[in-house]
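Below, each chain spelled out in residue letters.
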Amino acid sequence: MKNVMPLWGPYSKKYFGISKICPHENEAGVRFDFTVLPAVSNTDAKVPNVTLPVGVHPWECASDYSYYSYRQELEWKDVIYADVSFTRLDDESTLVRTEIFNNSALMQNCLVNYFSSLQFPTENRVELTLPEKCDFRKANSYTVYEYATPRPWDRETMDAMHRGEFFDDRFYEHRGLGDRDNNRYILPKYPKLGEEAGDRIEYRFELENDYNDAVMAVRYRTTSDKSSGFEINGKTVSFAPCDSPMTAFVELGRLEKGTFDLTLVSKGTGGIEFDFFAVCEKSDADRIKTETVKNNFLPDIKTENDSEGATVKLKYEGIEKEFVLRTFNKDTRFREIPTGCLEDVPTARISQPDPSFDNMLETFSGEFREKHSDEGFYQNTLAHTLFIKPNESHVEYAVISSGVTEYKTTDEYEEIYINAKDKAEKFILNSAGKKYEFSNQLLKTALFMNTVYPLYHHGEYVVHHTPGKRWDSFYTWDSGFIGLAMNEYSRELAEYILDLYLSDKDNPDYAFLLHGSPVPVHIYQYYDLLCRTNDKEKLYKYYDRVKMFYDFLAGKINGSTTDKFETRLTTTFDYFYNCSGMDDLPPQAEIYRRGDQLKTAPCISSSQVIRCAKILSTVAKKLGKTDDTAEYKSDIERLSEALNKYAWDENAGYYSYVVHGDCGEFKEQLKTGNGENLNKTMDGIYPLIAGAADSDKRQRLINHIKNDMMSGVGISAVDMSASYFATNGYWNGNVWFSHQWFVWKTMLDLGESDFAFKIAETALEAWKREVEYSYYTFEMMSVTTGRGGWFHNFGGLSSPVNLWAMAYYKPGTLTAGFDCFTDRQKWSEGFDKLEAVIEHNSDSRSVILACMNENYDYAVEVNSQPAESAVREKGTIEIMLPAEKGEFILRITRR
């Protein structure tokens, strides 16, 4: 996997600022954090915590991260605030510019805090000492790892982990081998490694030494107070119970240099976790030692003040270069904060520069205890005594670098800043869409700045675009929506995201990166990327990897259990508690209340397989993969028939959750005690998105969406006329943009141009109102209040707002539904001419959107004949393709 992310970027999981990915001699995944906190003196100065709504807003970001900024409110909204920006000077140094604006009626005394820290993935590490003559294997470096009773996820591990891999600071390199199902979320429980007879692990050593009387050190811990028995190369060994890791020795006798195979087979007496195996001479056994040590957060600090500012040099153990901070204000002083959590500092100390406040953790009353929430250390540099008159601003400059760098004047730095800010891509729409620019700009910036490091990804640490920094994790379907937006903003980042979440045939551990709801949005990202690209050769190379994602969801590979019912409806409840991303959706909540989750098939799982089969069939046909197209056709027919046979509720006019019997046979459609269908929800209309509903069912579902689900802020996740509709849920009672995107694309497929526009316009207006009011980019909108809710600087599932704005208001944008494949498109430089070749794979009339230069009127032809078209907004043309399959050549020219 190619890493395209720079070493310096907005990667902190704690506070807004800039971070550097740091190679460290003892640890991987180390990060240097530099945090900026402007404040008004003697006020409640809230540190810019990335997980809390403290008045900090991602504001601008260049697609290559050479420039980005955030706004921090010092007094609510636009009264007193600061814009903090980071501009790349070179690969090792960054300009930090802080401009404080005073729009109040009073002069203000302000300061700027700079906090520097080193962040380790863990507090402790295990150091290992081995004798010189020794052959070593980490327990995770097996050749075979098999359970006597297979798990559904044996070859679909969570979070890009190796099979059996888990994290624990007590283990060498922080990883062990065994069973940790903490992140399995209400999934079926299985015996832990060693609790069942027949669990098998194999290793192959290439011994570099001859041994006269060898022993093998085995570091392990048991998972209970029972000993754990294994047969090791034919010899029965019992590992004594222990809560903390300990080392046992197994006698091996004489061994010769070369291949040595090690086989462990459990006896089923007790659970165990393995750390490592080390072969050595018996006489050297006592030289194998482990020691738990704390990582050193404390740097060697050197400070110097001069007539123009101050310099701080921070040298951390294990980091090659020192970090250097240079300020350009003579009123600069220094403090130290002996904690890893800035919230441990009383806010009045942060905003008071006087030396009498320098004991940063001390409280102001004996009634409160000092806090020390986390291990760590912050060096605090502050530029103070910044008097700002009403309706004026003040700029502070600083440079943070790895190693010593050459410094410029502040005038030169201002010019560098202006150039970088001007070059950063803006979210620009035509005149009809101009009113949506600001709110969409903040969303776009959140999508870029919601990045974290480190996340462990199949043996290495990576930078990840997370839906919001409250989630220090992968997230499958959120990532797909981020990727859809990145298709427009940065092809390089789009492919980076796609590559991160796909697997390949050489990966034995997973078919795709799974965390959270397995909605396969990356397949749609791939399809969209193909449609945007004329030279598709490179992208076609992803096809086999994308198909693995599909094949697993269809129940075909890697031990997938999704296709386990006699009805042939698919389910993903063996892999995650949430099949659709809609956590509190009433039917999903009910099957867990009843304990029927492993016997139930929702609609979305089968519907997504159908829709993905249709779009991948188009790609397979382009690649000449006739066996694949036949396979897709069979899957589409089988699942469409199953949905209509078992899930359709004629009385309700929705598709149902289907509950199965113990042997997988159809049992019932899920209903309330009063007989009301429990799936009058977004899930219940999903076969419409799949294209699996006939014309009568299709119209009934569309009527439900228009009349029972459409609210003033968008499509509700739950039918608002249902008895179980709520106003205070997470999804129930709220409008999210993600599944609406699927509905919108489907409306384009069905020629419902007016309703498609209504979906987009309603979302854009609701988003505009909220963002312009709060500057926050929330997860969803309340049906009741119209306000945003939950995480405040969200990207992820809200990215369709950007997609809608661009589809209708960004010249040079061609958009179609799922049933159209764009072979190629050619735009004139001024976006006043378009020629596109489009393959239409449906018997329905479909709408295509083309956003042209708004300054002209246009003639539209399809296959050299005048086409049925309409102008939605000046420059935005809706073209109706006829109800027939085939290739169509679209031409739009100025009249």
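Notes on the structure in this doc start here. (Residues numbered from 1 in each chain as written. Predicted model: local features only at pLDDT ≥ 70, side-chain atom pairs only at ≥ 80, totals over all residues. Heavy atoms only, no water.)

1. Observations regarding the overall build of the chain
Then step 1. Counting secondary structure elements, the chain contains 16 helices and 48 strands.
Then step 2. Taking 895 residues into account, the globule formula puts the C-alpha radius of gyration at 29 Å, and the chain, at 30 Å, falls close to it.
Then step 3. Expressed as lengths along the three principal axes of its C-alpha atoms, the size of the chain is roughly 85 × 80 × 55 Å.
Then step 4. Accessible area of the chain: about 33600 Å², with a carbon and sulfur share of 45%.
Then step 5. The positive charge centre, built from 102 side chains, and the negative charge centre, built from 138, are 3 Å apart in the chain. (Helix = DSSP H or I, 4+ residues; strand = E, 2+ residues; numbered from the N terminus. Rg over C-alpha atoms; globule rule 2.2 N^0.38 Å. Areas by Shrake-Rupley, 256 points an atom, 1.4 Å probe, with all protein chains shown as cover. Lys, Arg positive; Asp, Glu negative; His and termini not counted. Charge placed at Lys NZ, Arg CZ, Asp CG, Glu CD.)

2. Some remarks on the pairing of strand β44 (residues 858–862)
Successive side chains on a regular strand alternate, one facing one side of the sheet and the next facing the other.
Then step 1. In β44, alternate side chains face the same way, and those of Y858, V860 and V862 are buried while those of A859 and E861 on the opposite face are not.
Then step 2. Sheet analysis places β44 next to strand β48 (residues 886–894), joined by five bridges and oriented antiparallel. Its bridge partner being in β48, Y858 is matched across the sheet by R894.
Then step 3. Where β44 and strand β45 (residues 865–866) come together, two bridges link them in antiparallel fashion. (Buried < 20%, exposed > 50% of the residue type's maximum accessible area, 1.4 Å probe, protein only. Pairing = 2+ DSSP bridges.)

3. Points about the pattern of salt bridges
Then step 1. In total, this model carries 67 salt bridges according to the counting rule given.
Then step 2. With a closest N to O distance of 3.0 Å, R97 and E99 form a salt bridge. E99 shares its class with R97; the two are buried.
Then step 3. Here R894 and D832 are joined by a salt bridge, their closest N and O atoms 2.9 Å apart. With R894 in strand β48 and D832 in the loop between β41 (820–827) and β42 (834–840), this pair connects stretches of sequence that are 62 residues apart. (Salt bridge = Lys/Arg side-chain N within 4 Å of Asp/Glu carboxyl O.)

4. Considering unusual backbone geometry
Glycine aside, residues mostly have negative phi angles, and peptide bonds mostly take the trans form.
Then step 1. Each neighbour pair has its own omega, and for Y453 with P454 the value is 5°, a cis peptide bond.
Then step 2. Along the chain, P454 turns up in strand β28 (residues 451–457).
Then step 3. Positive phi values are uncommon outside glycine, yet A160 reaches one of about 60°.
Then step 4. You can call A160 buried: its relative accessible area is 0%.
Then step 5. Located in the positive-phi region is H174, a residue other than glycine, with phi close to 70°.
Then step 6. Position of H174 relative to the elements: it lies in the loop between β12 (165–167) and β13 (175–177).

5. Focus on the pairing of strand β34 (residues 666–669)
Then step 1. In this structure, strand β33 (residues 658–660) lies alongside β34, joined through three bridges in antiparallel fashion. Residue pairing for β34: H660 is matched across the bridge by F666.
Then step 2. Between β33 and β34, which pair antiparallel and follow one another directly, the connecting turn spans five residues, one of which, G664, has a positive phi of 90°.

6. With respect to the sheet that holds strand β8 (residues 108–119)
Then step 1. Taking strand neighbours across the sheet as the criterion, the six strands line up as β1-β2-β3-β8-β26-β25 in an open arrangement whose pairing is antiparallel. Two strands close off the open sheet at either side, each with one partner strand: β1 (8–9) and β25 (332–337).
Then step 2. Pairing of β25 with strand β26 (residues 378–388), which is carried by six bridges, proceeds in the antiparallel orientation. Its bridge partner lying in β26, R333 is registered against L382.

7. Some points on helix α3 (residues 437–449)
Then step 1. With 13 residues, α3 extends 18 Å from end C-alpha to end C-alpha; this agrees with the ideal 18 Å at 1.5 Å per step.
Then step 2. Every buried residue of α3 is accounted for by E437, S439, N440, Q441, L442, L443, K444, T445, A446, L447, F448 and M449. (Expected span 1.5 Å × (residues − 1).)

8. Here's the deal with the nonpolar core
Then step 1. Formed by 202 residues in total, the largest nonpolar core has its most connected members in F32, Y526, W741, W744 and W804.
Then step 2. W744 has contacts with A756, I759, A760, W804, A807, Y808, T815 and L849, leaving out every residue within four places of it along the chain.
Then step 3. Judged by nonpolar contacts, the second largest core, of 30 residues, contains L193, I201, A214 and V237. (Core = buried A, V, L, I, M, F, W, Y, C linked by side-chain atoms within 4.5 Å. Contact = heavy atoms within 4.5 Å.)

9. With respect to the environment of S560
Then step 1. Mapping S560 onto the fold places it in the loop between α8 (543–553) and α9 (586–594).
Then step 2. Along the chain, S560 and D574 lie 14 residues apart, while their C-alpha atoms are 9.2 Å from each other.
Then step 3. Not counting residues up to four positions away in its chain, the partners in contact with S560 are F552, G555 and Y575.

10. So, the packing of aromatic side chains
Then step 1. In the structure shown here, the tally under the stated rule is 73 aromatic pairs.
Then step 2. Seen from their ring centres, F481 and F742 are 6.1 Å apart, and the 85° between their planes marks the pair as edge-to-face. Of this pair, F481 sits in helix α4 (residues 476–489) while F742 is found in helix α14 (residues 738–749), placing the two residues 261 residues apart along the sequence. The same class applies to F481 as to F742, namely buried.
Then step 3. We note K444 situated over the ring of Y489; from NZ or CZ to the ring centre the distance is 4.9 Å. (Phe/Tyr/Trp six-rings, centres within 6.5 Å; stacked < 30°, edge-to-face > 60°. Lys NZ or Arg CZ within 6 Å of the ring centre and 35° of its normal.)

11. Topic: α9
The periodicity of an α-helix, 3.6 residues per turn, causes residues three or four places apart in sequence to face the same way.
Then step 1. Among all positions in α9, only P586, P587, Q588, E590, I591 and Y592 are buried.
Then step 2. Backbone geometry just downstream of α9 places G595 in the positive-phi region, at approximately 80°.

12. Let's talk about the sheet that holds strand β14 (residues 200–207)
Then step 1. What the five strands build is an open sheet, ordered β11-β14-β19-β16-β17; its pairing is antiparallel. On the outer flanks of this sheet lie β11 (144–146) and β17 (235–239), each paired with one strand and no other. Averaged over all pairs of adjacent strands, the angle between strand axes in this sheet comes to 25°, irrespective of strand direction.
Then step 2. Strand direction decides the pairing type here: β11 and β14, joined by three bridges, are antiparallel. Its bridge partner lying in β14, E146 is registered against R200. (Axes fitted to C-alpha atoms, helices over the stretch in contact; angles between N-to-C directions.)

13. A word on the state of the cysteines
Then step 1. If you walk through the whole model with that rule in mind, you get zero disulfides.
Then step 2. Lacking any disulfide linkage, C820 is separated from the closest cysteine sulfur, that of C531, by 8.6 Å.
Then step 3. Looking at C851, it has no disulfide partner, and the nearest cysteine sulfur is the one in C820, 18 Å off. (Disulfide = S-S within 2.5 Å.)

14. Some thoughts on the packing of α4 against helix α16 (residues 800–809)
Then step 1. Here α4 crosses α16 at 35°, and the two axes come no closer than 9 Å. The handedness of the crossing between α4 and α16 comes out as left-handed. In contact with F481, L484, A485, E488 and Y489 of α4, α16 contributes P800, N802, L803 and M806.
Then step 2. Classifying every residue of the contact of α4 with α16 by side-chain character gives seven nonpolar, one polar and one charged. (Left-handed = near helix turned anticlockwise from the far one by under 90°. Nonpolar A, V, L, I, M, F, W, Y, C, P; charged D, E, K, R; others polar.)

15. Things to note about the environment of D225
Then step 1. Among the structural elements, D225 can be located in the loop between β15 (211–222) and β16 (228–232).
Then step 2. Once the C-alpha coordinates of D225 and A240 are considered, the two residues, 15 residues apart in sequence, prove to be 8.7 Å apart.

16. Some words on the side chain of S798
Then step 1. By secondary structure assignment, the location of S798 is in the loop between β39 (788–789) and α16.
Then step 2. Overall, the relative accessible area of 0% leaves S798 in the buried class.
Then step 3. Filtering out sequence-adjacent residues up to four positions away, S798 remains in contact with L443, F737, W767, F778 and E779.

17. With respect to the packing of helix α6 (residues 521–532) against helix α10 (residues 603–622)
Then step 1. Remark: α6 packs on α10, axes separated minimally by 10 Å, with the N-to-C direction vectors making an angle of 30°. On the basis of their axis angle, the class for α6 and α10 is roughly parallel. Pair α6 / α10 crosses with left-handed handedness. Two secondary-structure elements touch here, α6 through I523, Y524, Y526, Y527 and L530 and α10 through Q608, R611, C612, I615, L616, T618 and V619. (Parallel < 35°, antiparallel > 145°, perpendicular 65-115°, else oblique.)

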